Amino acid sequence: MKELLVATGNKGKLYEIRQLLAGDVDRVYCLADFPDLPEVVEDGLTFEENARKKAFSAVRATGLPAMADDSGLVVDVLGGRPGVHSARYAGIGASDADNNRQLLQDLAEFSGQERAAFFSCAIALCFPDGACRTFCGTLHGMLLSSPRGTEGFGYDPLFLVPEYGKTLAELDLVIKNKISHRGQAMEELRKFLCGRRK
Ligand code: ITT
């Protein structure tokens, strides 16, 4: 693919997506290249809905093909929260540290299997002609009661991947990108791009 706008304001996501796109797109643009794009209200009920909203808004404003990622953490014992509200769990403008603190507080009374959770990611790839495809991925794990590790972003320091005995913030990005919700969705997207080239 010649050019693609990655429509995310989240630096952690952008870094991961750039690594995952390496070699598949000649020119990757990001939102910093288009400072005047309109804000998107993320009021969809699903990750997929929000991803499409963000990607289409970027396509309309720039005329470029665009992809957007909507993702979050889903915790059964919290009724699926923070879910689509993961970025603002502790309130509008909350930092990753604020959200992690909120999560630990809400999970304080739960232990063992009750602390199971999964990350979910939907990536929408939309084109100026109105075509749009979405790709999804999930990663299951357990939530710790204190943070571990310094890599990654968001809830990574609390999210233990049992197969590795490490949190996502303790894993190398190469491994995170191989197993993560985002990595899986991007793998599907790359297969789609590969199919279009044939
Ligand atoms: P954009 O909408 O601009 O892409 P955002 O951070 O607002 O950025 P989302 O609405 O999709 O994005 O919220 C995703 C939140 O879910 C993110 O802020 C993290 O708190 C969490 N999250 C998603 N993927 C994650 C990952 O791989 N590791 C840790 N936390 C993650």
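Residues numbered from 1 in each chain as written. Predicted model: local features only at pLDDT ≥ 70, side-chain atom pairs only at ≥ 80, totals over all residues. Heavy atoms only, no water.

Draft legend 1. Geometry of the pairing of strand β3 (residues 66-75). The buried fraction of β3 amounts to 10 of the 10 residues, a majority that puts the element mostly inside the structure. Judged by which residues are buried, β3 turns out to be covered on both faces: Ala 66, Ala 68, Asp 70, Gly 72 and Val 74 on one side and Met 67, Asp 69, Ser 71, Leu 73 and Val 75 on the other are all buried. As paired elements, strand β1 (residues 3-6) and β3 share two bridges and run parallel to each other. Residue pairing across strands places Val 6 opposite Met 67, the latter belonging to β3. The sheet contact formed by β3 and strand β4 (residues 116-126) spans 10 bridges and is antiparallel. Residue pairing across strands places Asp 69 opposite Ile 123, the latter belonging to β4. (Buried < 20%, exposed > 50% of the residue type's maximum accessible area, 1.4 Å probe, protein only. Helix = DSSP H or I, 4+ residues; strand = E, 2+ residues; numbered from the N terminus. Pairing = 2+ DSSP bridges.)

Draft legend 2. Structural detail: the side chain of Ser 120. Looking at the element boundaries, Ser 120 is found in strand β4. On the accessibility criterion, Ser 120 (12% relative accessible area) is buried. For Ser 120, the residues in contact, after removing those within four places along its chain, are Phe 47, Asp 70, Ser 71, Gly 72, Gly 137, Thr 138 and His 181. (Contact = heavy atoms within 4.5 Å.)

Draft legend 3. Spatial organisation of the sheet that holds strand β6 (residues 159-161). Judged by pairing direction, the sheet is mixed, and its seven strands sit side by side in the order β2-β1-β3-β4-β5-β6-β7 without closing on themselves. Of all strands in the sheet, those with a lone pairing partner are β2 (27-30) and β7 (166-167), marking the two edges. One ladder, built from four bridges, connects β1 with β2; its direction is parallel. In the strand pairing of β2, Glu 3 is matched with Arg 27. Lying on the sheet, helix α1 (residues 11-21) is in contact with β1, β2 and β3; it crosses β3 at an angle near 120 degrees. (Axes fitted to C-alpha atoms, helices over the stretch in contact; angles between N-to-C directions.)

Draft legend 4. The arrangement of the site of the ligand in detail. Inspection of the region around the ligand gives 20 residues, with Thr 8, Gly 9, Lys 13, Lys 54 and Asp 156 positioned closest. In this structure, Asn 10 approaches the ligand through a side-chain N or O atom, which is 2.9 Å from an oxygen atom. Within the backbone of Ser 71, a nitrogen or oxygen atom sits 3.0 Å from an oxygen atom of the ligand. Its free accessible area being 610 Å², the ligand has 91% of it covered by the protein chains. (Near = heavy atom within 4 Å. Polar contact = N/O pair within 3.5 Å; in protein donor to acceptor, adjacent residues only side chain to side chain. Areas by Shrake-Rupley, 256 points an atom, 1.4 Å probe, with all protein chains shown as cover.)

Draft legend 5. View of the packing of aromatic side chains. This model, assessed by the stated rule, comprises three aromatic pairs. Consider the rings of Tyr 29 and Phe 34, whose centres lie 5.8 Å apart with planes at 55 degrees: the pair is tilted. Phe 34 sits in the partly exposed class, given a relative accessible area of 23%. Ring centres of Phe 135 and Phe 192 lie 5.7 Å apart, and the angle between their planes is 50 degrees; this geometry places the pair in the tilted category. Of this pair, Phe 135 sits in strand β5 (residues 132-143) while Phe 192 is found in helix α5 (residues 181-197), placing the two residues 57 residues apart along the sequence. No difference in accessibility class separates Phe 135 from Phe 192, as the two residues are buried. (Phe/Tyr/Trp six-rings, centres within 6.5 Å; stacked < 30°, edge-to-face > 60°.)

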